[in-house]
Amino acid sequence: MTTALKAPTPASFTSRLHSPAVAARVGVWLGVCFGVAFLTGLISHYAQNVSQPIPFPTSPSWGYRVTQGLHVITGTAAIPLLLVKLWTVYPKFFERPPRNVRRVVVEVLERVNTGLLVSAGIFLLVTGTLNVAQWYPWEFSYRRTHYAVAWVAIGALVVHIAVKLPIIRDALRGDVDDTTHDDPAATRDGGVSRRGLLTTTWVAGGLAVLTTAGSTVPALRDLSIFGVRSGDGPGGIPINKSAVAADVTATATSSSYSLSVVHGDNAVTLTREELSAMTQRTETLPIACVEGWSASGEWTGVRLRDLLDLVGAPRDRDVAIGSLQQEGAFRDSLLQGNFADDDRTLLALQLDGEPLSIDHGYPCRLIAPNRPGVLQTKWVSTIEVAT
Amino acid sequence: MTRVLLVVVGVLLGAYGAWLLLSRQDTDGNIATGTWLVAGVLLHDFLLVPVVLVVMGLGSRLLPGAWSAPVAVGVVVLGSLTLVAVPVLGRFGARSDNPTLLDRPYVAGWLVLAALVAVVVVAVSLLRSRRGAQSGAAPEGE
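Residues numbered from 1 in each chain as written. Chains lettered and ligands numbered in written order. Predicted model: local features only at pLDDT ≥ 70, side-chain atom pairs only at ≥ 80, totals over all residues. Heavy atoms only, no water.

Chain A carries the name Oxidoreductase molybdopterin binding domain-containing protein in an unreviewed UniProt entry, which gives Nocardioides psychrotolerans as its organism.

Now the structure itself:
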């Protein structure tokens, strides 16, 4: 034990749970989680891009709700899986380098790759979990950095899989209790069997999801004791940024509020009463936030296309939506032509049959199908058609 | 060969990420990112895992044989869930202007979860030690 404390070697770790047969099985599901999180992350990143060479689809209206919900769910499930996986392979960290020079080079490269994978993996899960809870104790741009590190992680993961492919294949073909690839020292039965450890891992991953996913899956709401949002809020929808935080309380409730719709030289100005006097439509659309929470609402207001017709805007034009909010990254958003023309895209005045609360964007807000919540601009004051 | 192709693809994906990381931010941002990247691994490898190993080692030494496995399972489940819940338990992102954010009794929730895990662990352990006594064999483990 004293020698083990001084300089551990793989032989210092004697539990038979430290086995590729376990690591490969946890690794498969960890890989699935990272893969799904990567793909859904790409979708979310693209949906927020101003420039979209291939238009982001407006249907199904709940598409982004599902993909971003999955992004956060798979990332959360990956936390227990990653912890168990890393514990299982921890002895490899203390392996002595081989004597052969050529093998040393390969070994060093492999170690660098593993280091990158672990570091990027932990980074993504930690920053993602903190972002979900709106806690930002860092000095980098979250979205850009999380996105870039995801590419590093997925690259290192692909290399890691390539390096380990023969042993993964072998381990998965054999029984979980097979000892072919084990370290000769890893024979101690510590009480928990390998199957027991795997079951424990699946249970921990499952519970991590059940206790958090209620923020986006209404059926799990009561179980999600660690959900960042209970789902309560004005009109049954939580709030991301309040009117106070956006500093719009005075301008949004001012009697001099008006909305301007501009297309080149054509411009109209409308008060909230004039907006209410136009044909009102009701659509059931979700607010789906990048932080993974979502909620469906019944929105009533003016179809955006009706407003664009007032200024003779042609179809398929990008539209800039501006807010009363003076500062902040999401004070305005660009609505791509296909979203602007979609019949379901509204300038909403009501939620759930009641006038919008000020925190939901009173006097009026944008609500479009299949669109990240941060781009559903609140407290709209200008609508400008690209010329 | 599949593996060589995978390595090439992986290196290209990773290189794109590294380029994105370094080209889209100023030096301060890059230093902050680097710090977090390194700190995560260091905290995991040199703090979390050693603590877990010591706790597990102590557990298997001090606990009766029938108890060590259920307790280990309980520690893994509750420990990993507690890590997942750190941001909400501390309510670090809470804002006084937004009552819809972090609006659950998280500590109470954690206590309920911990109690449930404890009940299951104790029940399973008791069942195991009774079964061990009935079959006449001493419970395995040191």
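Moving on from the model shown.
Enquirer: In this structure, what is going on with the overall build of chain B? I would like to understand it.
Expert: When its secondary structure is counted, chain B shows 4 helices and 0 strands. Counting from the amino terminus, chain B carries its helices and strands in the arrangement α-α-α-α. By principal-axis analysis of the C-alpha atoms, chain B measures approximately 70 × 55 × 25 Å. Looking at the 142 residues of chain B, the share that counts as buried comes to 32%. Contacts spanning at least 24 positions in sequence make up 53% of the contacts within chain B whose residues lie at least 6 apart. Only carbon and sulfur atoms are counted for the fraction: they give 74% of the accessible area of chain B, which is about 8400 Å². Side-chain charges of chain B comprise 9 positive and 7 negative groups, with the mean position of each set lying 12 Å from the other. (Helix = DSSP H or I, 4+ residues; strand = E, 2+ residues; numbered from the N terminus. Buried < 20%, exposed > 50% of the residue type's maximum accessible area, 1.4 Å probe, protein only. Contact = heavy atoms within 4.5 Å. Areas by Shrake-Rupley, 256 points an atom, 1.4 Å probe, with all protein chains shown as cover. Lys, Arg positive; Asp, Glu negative; His and termini not counted. Charge placed at Lys NZ, Arg CZ, Asp CG, Glu CD.)

Enquirer: Please explain the packing of aromatic side chains as it appears in this structure.
Expert: Residue and element names in this part refer to chain A. The full count for this structure, using the stated rule, is 17 aromatic pairs over all chains. A ring pair is formed by W138 and Y142, whose centres lie 5.9 Å apart and whose planes are at 20 degrees; its orientation type is stacked. Y142 carries the same exposure label as W138, and that label is buried. Seen from the ring of F339, R371 lies directly overhead, with NZ or CZ sitting 5.8 Å from the centre. (Phe/Tyr/Trp six-rings, centres within 6.5 Å; stacked < 30°, edge-to-face > 60°. Lys NZ or Arg CZ within 6 Å of the ring centre and 35° of its normal.)

Enquirer: Sorry if this is basic, but what is going on with helix 4 (residues 106-134) of chain B here?
Expert: Each α-helix winds once per 3.6 residues, and so residues spaced three or four apart point in a common direction. Between its first and last C-alpha atoms helix 4 of chain B spans 42 Å; for 29 residues at 1.5 Å apiece the expected length is 42 Å, and the two agree. Residues of helix 4 of chain B that are buried in the fold lie against helix 3 (65-89) of chain B. (Expected span 1.5 Å × (residues − 1).)

Enquirer: Teacher, can you tell me more about the domain arrangement of chain A here?
Expert: Often the size quoted for an interface is simply the accessible area lost on bringing the parts together. Residues and elements named next belong to chain A. For chain A, the assigned domains are domain 1 (2-220) and domain 2 (236-385). Averaged C-alpha coordinates put domain 1 and domain 2 at centres separated by 40 Å. On the side of domain 2, 24 residues touch domain 1, which itself brings 26 residues to the contact. Buried area between domain 1 and domain 2, summed over both chains or domains, comes out near 2000 Å², and the portion from carbon and sulfur atoms is 50%. It is T58, S61 and R65 in domain 1 that bury the most area against domain 2; as a group they hold 30% of the surface buried on that side. Counting the contacts that link domain 1 with domain 2 gives 0 salt bridges. Counting across the domain 1 and domain 2 interface gives 14 residue pairs in polar contact (both at pLDDT 80 or more). Among the secondary structure elements, those contributing two or more residues to the side of domain 1 that touches domain 2 are helix 2 (20-48), helix 3 (63-89) and helix 4 (101-132). Per element, the largest residue contribution to the side of domain 1 that touches domain 2 is 6 residues, and it comes from helix 3. A class-by-class count of the residues in the side of domain 1 that touches domain 2 yields 11 nonpolar, 14 polar and 1 charged. (Domains from an automatic or database assignment. Buried area = accessible area lost by both parts, 1.4 Å probe. Salt bridge = Lys/Arg side-chain N within 4 Å of Asp/Glu carboxyl O. Polar contact = N/O pair within 3.5 Å; in protein donor to acceptor, adjacent residues only side chain to side chain. Nonpolar A, V, L, I, M, F, W, Y, C, P; charged D, E, K, R; others polar.)

Enquirer: Looking at this structure, I do not really get the confidence of the model for chain B. What am I missing?
Expert: Reading predicted coordinates in detail is not appropriate for stretches of low pLDDT. Residues and elements named next belong to chain B. Per-residue pLDDT for chain B has a mean of 92; in total, 95% of the residues score no lower than 70. Within chain B, the lowest mean pLDDT, 93, falls on helix 2 (residues 27-62), and the highest, 96, falls on helix 1 (residues 2-23). A low-confidence stretch, residues 137-142 stays under pLDDT 50, and its non-local contacts, those more than four residues away or across chains, total 8 contacts. (pLDDT = per-residue confidence, 0-100.)

Enquirer: Teacher, can you tell me more about the UniProt feature "transmembrane region" (unreviewed entry) in chain A here?
Expert: Residue and element names in this part refer to chain A. Following the UniProt record, one finds the feature "transmembrane region" (unreviewed entry) at residues 26-48, 68-90, 111-133 and 145-163. For residues 68-90, the helix share is 96%, the strand share is 0%, and the end-to-end C-alpha distance is 32 Å. For the annotated span residues 111-133, helix accounts for 96% and strand for 0% of the residues, and the straight-line distance between the end C-alpha atoms is 33 Å. (UniProt positions renumbered as here; feature names shortened; annotations may be inferred.)

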